[in-house]
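Report on the structure
Residue-level listing of the chains:
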Amino acid sequence: MSATQSKGQPLPFAVAGVSMRDLLAAGEAAVLVSTPPCGPDPELSEPAEDHREAA
């Protein structure tokens, strides 16, 4: 048995070698990648009456 197990101390929850900063950055990157892009603004798009008909 290891020293931590024989003393009854709880094991650390965090994964060794990964900082909280890296974990938070990974979570933010996952949100950005999984969020679909926004559609165009209605006020910036061309009005329907300005379109010309095909020949």
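Our structure is the block above this text.
On a predicted model such as this, the values are computed, not experimentally measured, just so you know.

1. A few points about the overall build of the protein
Counting secondary structure elements, the protein contains 2 helices and 0 strands. Sorting the 55 residues of the protein into buried and exposed places 0% on the buried side. Of the roughly 5,800 Å² of accessible surface on the protein, a fraction of 62% belongs to carbon and sulfur atoms.

2. Some points on a nonpolar patch on the surface
A grouping of Val18, Met20, Leu23 and Leu24 is seen on the molecular surface, where their side chains present a nonpolar patch of about 390 Å² in accessible area. Residue position: Val18 is located in the loop between α1 (3-7) and α2 (20-34).

The rules behind the values
Along each chain, numbering runs from 1 in the same order as the chain's sequence is written. Local features in this predicted model are restricted to residues whose pLDDT is 70 or higher, and side-chain atom pairs enter the listing and the counts only when it is 80 or higher, whereas totals over whole chains, interfaces and linings include all residues. Excluding hydrogens and water, the side-chain values take into account all heavy atoms of the structure. Strands are runs of DSSP state E lasting at least 2 residues, helices are runs of H or I lasting at least 4, and numbering of each runs from the N terminus. Categorising residues by exposure relies on relative accessible area from a 1.4 Å probe, with only protein chains included: less than 20% of the type maximum marks a residue as buried, more than 50% marks it as exposed, and the intermediate range marks it as partly exposed. Method for areas: the Shrake-Rupley scheme with a 1.4 Å probe, in which residue coverage is limited to the protein chains shown. To count toward a patch, a residue needs a relative accessible area over 30% and no salt bridge; like charges are then connected within 9 Å, while nonpolar side chains (Val, Leu, Ile, Met, Phe, Trp, Tyr) are connected within 5 Å. Each salt bridge in this description consists of a side-chain nitrogen of Lys or Arg and a carboxyl oxygen of Asp or Glu lying within 4 Å of one another.

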